[in-house]
Amino acid sequence: MLTVHAAPLVLPVGAAAVAQGAVAVEGDRIVALGPYDDVMAAHPAARVRRWPGVIAPGLRQWHAVWLLTRCYHPDPREADELGDRPLWGEEFERLAAGMDATRRAGSVRRGLQQMLRYGTTHLAGRFHDPAVRTAVARSGLTEVSPVGAPGILVGEPGLDPFTEGHDLPGSAHGPLIVGARADLAVFDVPDEAALCAAGAATCVATVLGGRLVYRRR
């Protein structure tokens, strides 16, 4: 089914922002992008999803390998003991010493789910670990080259791609263009400046290959 994602502002990256814009998606492809009225005139039978804020390209996580192999993502049932943030360094090493394959695989899956909550659609890195490689493939997230990565992670790991990307062009996987794969994210902010200031924690929806894989309830 053809779906039109509409928002007060569409930020394609590499092209002018579109006020009262829309992105039409069919299958896993973007088939139209522009003002909402124009997109709907071309696709009057489309299902419409209206979002607050801005529609932007999905984001790229530069430190995905580190976050998935050197961090533990606690199960919600462990929150009282371990909290709800990724554990790394000595805490990770302590847990890893007694961690079986099932628990480790659960951490990887939760890490990927958390990335979707931050509008991430692309992961930079080469995933040599079979369990991680399988989980990434099943998630639908796209693995991309780490060439151009900002460098070795220093300090506390973060799930927000803006931490390393800084601005939208530096954090997005690429521009939203007709014919490209429909990887996009929606952020509840009024404009690009507010998005860069507030970061990807403002994400309210992530679309991966045309599928709505995360929606804030």
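Reference entry: report on the structure contained in this document. Predicted, not measured: the structure shown is a model, and the values here were computed from it. (Residues numbered from 1 in each chain as written. Predicted model: local features only at pLDDT ≥ 70, side-chain atom pairs only at ≥ 80, totals over all residues. Heavy atoms only, no water.)

### Observations regarding the overall build of the protein chain
Link 1 in the chain: Looking only at helices and strands, the protein chain has 9 helices and 11 strands in total.
Link 2 in the chain: Computed over C-alpha atoms, the radius of gyration of the protein chain comes to 18 Å, within 12% of the 17 Å expected from 2.2 N^0.38 for 217 residues, which places it in the range of a compact globule.
Link 3 in the chain: Projecting the C-alpha coordinates of the protein chain onto the three principal axes gives extents of approximately 60 × 35 × 30 Å.
Link 4 in the chain: When the 217 residues of the protein chain are sorted by exposure, 48% land in the buried category.
Link 5 in the chain: For the protein chain, contacts bridging at least 24 residues in sequence account for 64% of all contacts bridging at least 6.
Link 6 in the chain: A total of about 10600 Å² of accessible surface is found on the protein chain, and carbon and sulfur atoms cover 52% of it. (Helix = DSSP H or I, 4+ residues; strand = E, 2+ residues; numbered from the N terminus. Rg over C-alpha atoms; globule rule 2.2 N^0.38 Å. Buried < 20%, exposed > 50% of the residue type's maximum accessible area, 1.4 Å probe, protein only. Contact = heavy atoms within 4.5 Å. Areas by Shrake-Rupley, 256 points an atom, 1.4 Å probe, with all protein chains shown as cover.)

### What about the sheet that holds strand β8 (residues 142-144)?
Link 1 in the chain: Sheet architecture is open: 3 strands sit in the order β6-β7-β8, paired in parallel fashion. Edge strands, defined here as strands with exactly one partner in the open sheet, are β6 (59-61) and β8. Along the sheet, successive strands turn relative to each other by an average axial angle of 35 degrees, direction set aside.
Link 2 in the chain: Pairing geometry for β6 and strand β7 (residues 120-124), over 3 bridges, is parallel. Among the inter-strand pairings, Q61 is bridged to a residue of β7, identified as L123. (Pairing = 2+ DSSP bridges. Axes fitted to C-alpha atoms, helices over the stretch in contact; angles between N-to-C directions.)

### Things to note about the packing of helix α5 (residues 101-117) against helix α6 (residues 130-139)
Link 1 in the chain: Interaxial distance between α5 and α6 falls to 10 Å at its minimum, and their mutual angle equals 35 degrees. In this structure, α5 crosses over α6, and the sense of that crossing is right-handed. Along its contact with α5, which presents R104, V108 and L112, the element α6 presents A131, V132, A135, V136 and S139.
Link 2 in the chain: For the contact of α5 with α6, the class distribution of residues is 6 nonpolar, 1 polar and 1 charged. (Left-handed = near helix turned anticlockwise from the far one by under 90°. Nonpolar A, V, L, I, M, F, W, Y, C, P; charged D, E, K, R; others polar.)

### Observations concerning the nonpolar core
Soluble globular proteins tend to pack their nonpolar side chains together in the buried interior.
Link 1 in the chain: Formed by 32 residues in total, the largest nonpolar core has its most connected members in L68, L112, M115, L123, L168 and F187.
Link 2 in the chain: Broken down by secondary-structure element, the contributors of at least two residues to this core are β5 (54-57), α2 (64-69), α5, α6, β9 (184-187) and β10 (203-208).
Link 3 in the chain: Top contributing element to this core by residue count: α5, with 4 residues.
Link 4 in the chain: Contacts of L68, omitting those with residues within four sequence positions, involve V108, G111, L112, M115, F127, V132 and V136.
Link 5 in the chain: Of all hydrophobic cores here, the second largest spans 15 residues; its members include A7, V23, V25 and I55. (Core = buried A, V, L, I, M, F, W, Y, C linked by side-chain atoms within 4.5 Å.)

### Concerning the pattern of salt bridges
Link 1 in the chain: Under the criterion given, the structure shown has 7 salt bridges.
Link 2 in the chain: With a closest N to O distance of 2.8 Å, R104 and D129 form a salt bridge. Here the residue R104 occupies a position in helix α5, and D129 occupies one in the loop between β7 and α6, the gap between them amounting to 25 residues.
Link 3 in the chain: Residue classification places R104 among the partly exposed residues on the basis of a relative accessible area of 28%.
Link 4 in the chain: By relative accessible area, which is 25% here, D129 ends up partly exposed.
Link 5 in the chain: Members of the salt-bridge network, linked through shared partners, are D75, R77 and R110. (Salt bridge = Lys/Arg side-chain N within 4 Å of Asp/Glu carboxyl O.)

### A short note on the side chain of H63
Link 1 in the chain: When you line up the elements, H63 lands in the loop between β6 and α2.
Link 2 in the chain: With a relative accessible area of 9%, H63 lands in the buried category.

### A short note on the pairing of β10
Link 1 in the chain: Counting buried positions over the 6 residues of β10 gives 6, a clear majority of the element.
Link 2 in the chain: Two elements, β9 and β10, share 4 bridges in a ladder whose sense is antiparallel. The partner of V186 across the bridge, within β10, is A205.
Link 3 in the chain: Sheet topology places β10 next to strand β11 (residues 211-215); 4 bridges connect them, and they run antiparallel. For A205, the partnering residue across the bridge sits in β11 and is R215.
Link 4 in the chain: Two successive antiparallel strands, β10 and β11, enclose a turn made up of 2 residues, where G209 displays a positive phi of approximately 55 degrees.

Remember, this is a structural readout, not a statement about activity or role.
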